[in-house]
Amino acid sequence: MPPAVQSVSRLAPVGVNAALQAAEDASIQPKPKIFDEFALNDRVGIVSGGNRGLGLEMALALCEAGARAIYCFDLPSTPSDEWTKTAAFVKKLGNNSRLEYVSVDVRDQQKLWDEAKKIGDREQRMDVCVAAAGILKQHTDCLTYPAKQFEDVIDVNVNGVLYTAQAAGQQMRRFNNGGSIILIASMSGSITNRDHAWVSYNSSKSAVLQMARSMACELGKEKIRVNSLSPGHIYTSMTAAYLDEQPHLLEKWSNLNPMGRIGRPDELRGVIAWLASDASTFCTGSEWVFFIIVSGGHHSW
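The present account deals with the structure reproduced in this document. Worth saying up front: this structure is predicted, and the values here are computed from it rather than measured.

Cut-offs and rules
Residues numbered from 1 in each chain as written. Predicted model: local features only at pLDDT ≥ 70, side-chain atom pairs only at ≥ 80, totals over all residues. Heavy atoms only, no water. Buried < 20%, exposed > 50% of the residue type's maximum accessible area, 1.4 Å probe, protein only. Helix = DSSP H or I, 4+ residues; strand = E, 2+ residues; numbered from the N terminus. Pairing = 2+ DSSP bridges. Core = buried A, V, L, I, M, F, W, Y, C linked by side-chain atoms within 4.5 Å. Contact = heavy atoms within 4.5 Å. Salt bridge = Lys/Arg side-chain N within 4 Å of Asp/Glu carboxyl O. Phe/Tyr/Trp six-rings, centres within 6.5 Å; stacked < 30°, edge-to-face > 60°. Polar contact = N/O pair within 3.5 Å; in protein donor to acceptor, adjacent residues only side chain to side chain. Right-handed = clockwise from strand over helix to strand, strands pointing away.

**Focus on the pairing of strand β1 (residues 44–48)**
Line of reasoning, step 1. Counted residue by residue, β1 has five buried out of five residues, so it is predominantly covered.
Line of reasoning, step 2. Neither face of β1 is open: one carries V44, I46 and S48, the other G45 and V47, and all of them are buried.
Line of reasoning, step 3. Pairing between β1 and strand β2 (residues 69–74): five bridges, direction parallel. Bridged to G45 within β2 is I70.

Here it is as structure tokens:
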């Protein structure tokens, strides 16, 4: 038997323990539970940068996994056409999931906290946070990089990630039901993109990796898990600014990993659902598992 100090799955018994219990009790009808572990039934979450791109893709994945409501935080006063159509799609899923939009600047700490509290008041829980809002500036020589431009990137990619995680984490603590905070970093936080002068972006994403470790260590005892996810080259509206204007970059970026192509936004759906769910309850920031790289093997060369 496992030590009494160990936590018990909400779906217990699962795995071999379920098989052993069934062997002792003939009245038990065995049923698969692995997909139940990935389910997010009745969960509530926040996704920053959820108006489009990776953020919207991740928000939709959480809804498809059964979340009650996912609130997309983003800067525009009204949601994009892409978001509106996705929200309509969610309504048609038939699982009572909702995609909600909140116009907010992730650089405004108090506003983020206030909006998260409103969600907590309305939903009476908070389970998931995906801090995905981020910006990338043009190529700039690191020795002449303007202070304002550097501050702009850090303000969104580091401060905004922290404030978003704080906002959701405060509500997780309020309802004392644990939760999963996922900070979107980048492979650029652990490597340098060859031939790209992105000192602000790379530095900001490296900070996110350490932020995830630090928060995980502080919040682990409250059953709040914190992990970071590091995508590789993926075609989004942000990367399109480079690829559409410089078509040769598509071939170059594709050849930088063993798969010979860049990634699709939907290829992050599985790992987001896993990190948000009970399937990853022992995964939080540590020296072994502190970030997950989804880069097509870019780091393996």
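**Points about the environment of K118**
Line of reasoning, step 1. Take K118: it is sitting in helix α5 (residues 109–123).
Line of reasoning, step 2. Sequence spacing of K118 and Q171 is 53 residues, and the spatial spacing of their C-alpha atoms is 9.7 Å.

**A few points about the nonpolar core**
One broad rule of soluble globular proteins: the nonpolar side chains tend to lie buried together.
Line of reasoning, step 1. Of all hydrophobic cores here, the largest spans 35 residues; its most connected members are F73, I181, L183 and V226.
Line of reasoning, step 2. Every element with two or more residues in this core is listed here: β1, β2, α5, β4 (128–131), α6 (147–175), β5 (179–184), α7 (199–219) and β6 (224–231).
Line of reasoning, step 3. When residues in this core are grouped by element, the largest group, eight residues, is from α6.
Line of reasoning, step 4. Residue contacts for V226: discarding those within four places in its chain leaves I181, L183, A212, M215, A216, L219, T284 and G285.
Line of reasoning, step 5. Counting residues in hydrophobic clusters, the runner-up holds 31 residues, among them C63, C72, L99 and Y101.

**Some words on the pattern of salt bridges**
Where charged atoms of side chains with opposite charge meet at close range, the side chains can pair.
Line of reasoning, step 1. What the rule picks out here adds up to 23 salt bridges.
Line of reasoning, step 2. The closest approach of N and O atoms between R173 and E222, which form a salt bridge, is 2.8 Å. With a gap of 49 residues between them, R173 in helix α6 and E222 in the loop between α7 and β6 connect regions that are remote in the sequence.
Line of reasoning, step 3. Overall, R173 belongs to the exposed group, its relative accessible area being 52%.
Line of reasoning, step 4. A relative accessible area of 26% means that E222 is categorised as partly exposed.
Line of reasoning, step 5. With its nearest N and O atoms 3.6 Å apart, the salt bridge here joins E267 to R264.
Line of reasoning, step 6. Note on E267: relative accessible area 31%, which makes it partly exposed.
Line of reasoning, step 7. When its relative accessible area of 42% is taken as the criterion, R264 is described as partly exposed.

**A few points about the packing of aromatic side chains**
Line of reasoning, step 1. Using the criterion set out here, one finds three aromatic pairs in the structure.
Line of reasoning, step 2. Judged by centre distance (5.6 Å) and plane angle (65 degrees), the ring pair of W83 and Y101 falls under edge-to-face. Taken together, the residues W83 in helix α4 (residues 81–91) and Y101 in strand β3 (residues 98–103) connect sequence positions 18 residues apart.
Line of reasoning, step 3. Overall, W83 belongs to the buried group, its relative accessible area being 8%.
Line of reasoning, step 4. A relative accessible area of 16% places Y101 in the buried class.
Line of reasoning, step 5. Judged by centre distance (5.8 Å) and plane angle (90 degrees), the rings of Y145 and F150 are edge-to-face.

**Here we look at the side chain of S230**
Line of reasoning, step 1. You can see S230 is positioned in strand β6.
Line of reasoning, step 2. Here the side chain of S230 touches S186 through a polar contact of 3.4 Å, landing on its backbone oxygen.

**A short note on the pairing of β4**
Line of reasoning, step 1. What you see with β4 is no split at all: V128 and V130 on one side and C129 and A131 on the other are buried throughout.
Line of reasoning, step 2. For β4 and β5, the ladder comprises four bridges, and the chain directions are parallel. Looking at the pairing, C129 lines up with I181 of β5.
Line of reasoning, step 3. The β-α-β motif built from β4, the intervening α6 and the parallel element β5 has right-handed crossover chirality.

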